Amino acid sequence: MSMQGKVALVTGGTGGIGTAICKKLAAAGAKVVATYIGDEGQAKDWQAKMAADGVDAMIVACDVSSFDDCKAMGDTLNAEMGGVDILVNNAGITKDGTFRKMSADQWNAVLTVNLDSVFNVTKQFVDGMMTKGWGRVINISSINGQKGQFGQTNYSAAKAGMHGFSMALAQETAKKGVTVNSVSPGYIGTEMVMAVPEEVRNQIVAQIPVGRLGKPDEIAALVTFLASDDAAFITGANIAANGGQHMC
Ligand code: CAA
């Protein structure tokens, strides 16, 4: 699976699943760019760790919920890297709470970071992909966008929205060699899932037929396949990787 000469942008690339995706895309030959938000020092430490693991990753600060930030990033990458061939919209947050207790801030934060970001970032690169006649957009959705989750009206709505976006854009770009797909991970052993109270998390793990949390590498392997030439006939799909917790 050679991705030599391809540029891959992974939003939230320094996070749990993002790091695994960056490593696998780089191992397949892609030049990887990871977005981060917040502490530049932490992002540089991440970059140094990646380098120690043999991965030469670029980092770029970008608040994906801001169209202006994404436009600035897009202008830079389009001018300096010749565009982005593989875009993985992976950045996401949770602000869980039952609907009755959920504030407008909790709703807005999750919708803007998880869903508006998909518009903001994809908008910068789709023209370039279509002009080149090759591109991959992979949206990291969630099992909870497929089945809903108690305490996650905001997150479930945003994640379901991501797949609606994938299906619509897939139809618009198919003839130009650009595929758009969603991946819906189940509960993966990352900081985000470990932040769920232990008792609640144990109840969730008990509902996973495979009997454990997923591994970031298991999501990264699927993303890397979707990014490859071999996946050219897969578009508008939502591929679940959830240990059997939800089947549809
Ligand atoms: N179904 C039905 N009832 C449930 C329930 C469920 N799944 N979970 C809790 N309840 C009930 C409780 O039994 C309790 O009932 P009583 O009041 O009768 O005792 C009540 O709901 C608790 O309601 P509260 O409003 O008091 O809720 P809380 O403040 O205790 O916490 C919560 C609610 C924050 C949602 C907490 O349950 C929680 O963290 N749940 C996990 C949410 C989750 O799965 N998040 C995933 C994060 S990781 C991720 O999102 C990645 C990914 O893509 C998978």
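I will try to describe carefully the structure that is included in this document. (Residues numbered from 1 in each chain as written. Predicted model: local features only at pLDDT ≥ 70, side-chain atom pairs only at ≥ 80, totals over all residues. Heavy atoms only, no water.)

The next point concerns the layout of surface pockets. Counted as a void, the largest pocket has a volume near 1,300 Å³. Lining of the largest pocket is provided by 47 residues; of these, Gly92, Ile93, Thr94, Thr190 and Met192 occupy positions nearest its centre. Going through the elements one at a time, α1 (16-27), β2 (31-36), α4 (104-132), α5 (143-147), α6 (153-173), α7 (191-194) and α8 (198-205) are the ones with two or more residues in the lining of the largest pocket. A per-class count over the lining of the largest pocket returns 22 nonpolar, 21 polar and four charged. (1 Å grid on protein atoms, 1.4 Å probe; cavity = no way out; pocket = protein on both sides within 12 Å on 5 of 7 lines; lining within 4 Å. Points joined across faces, edges and corners; volume = space filled by probe spheres on them. Helix = DSSP H or I, 4+ residues; strand = E, 2+ residues; numbered from the N terminus. Nonpolar A, V, L, I, M, F, W, Y, C, P; charged D, E, K, R; others polar.)

Moving on, we get to helix α2 (residues 40-52). The terminal C-alpha atoms of α2 lie 18 Å apart, and with 13 residues this matches the ideal 18 Å at 1.5 Å per residue to within 8%. Those residues of α2 lying buried are Ala43, Trp46 and Met50. The buried side chains of α2 occupy one side of the element, clustering within an arc of 55° when seen end-on. In α2, the exposed positions that point more than 90 degrees away from the buried face belong to Lys49 and Ala52. Buried residues belonging to α2 abut α1, β2 and β3 (57-61). Of the residues flanking the start of α2, the one acting as N-cap is Asp39, its side-chain oxygen 2.8 Å from the backbone nitrogen of Gly41. (Expected span 1.5 Å × (residues − 1). Buried < 20%, exposed > 50% of the residue type's maximum accessible area, 1.4 Å probe, protein only. Arc of directions from axis to C-beta. Contact = heavy atoms within 4.5 Å. Polar contact = N/O pair within 3.5 Å; in protein donor to acceptor, adjacent residues only side chain to side chain.)

Further remarks concern the site of the ligand. Every one of the 19 residues lining the ligand counts as a neighbour, but Asp96, Ser142, Gln152, Tyr155 and Tyr187 are closest to it. At 3.1 Å, a side-chain N or O of Lys101 approaches an oxygen atom of the ligand. Here Tyr155 contributes a side-chain N or O atom positioned 2.7 Å from an oxygen atom of the ligand. Burial of the ligand by the protein amounts to 55% of the accessible area it has alone, namely 1,100 Å². Of all the secondary-structure elements, those providing two or more residues to the shell around the ligand are α7 and α8. For the shell around the ligand, a count of residues per class yields nine nonpolar, eight polar and two charged. (Near = heavy atom within 4 Å. Areas by Shrake-Rupley, 256 points an atom, 1.4 Å probe, with all protein chains shown as cover.)

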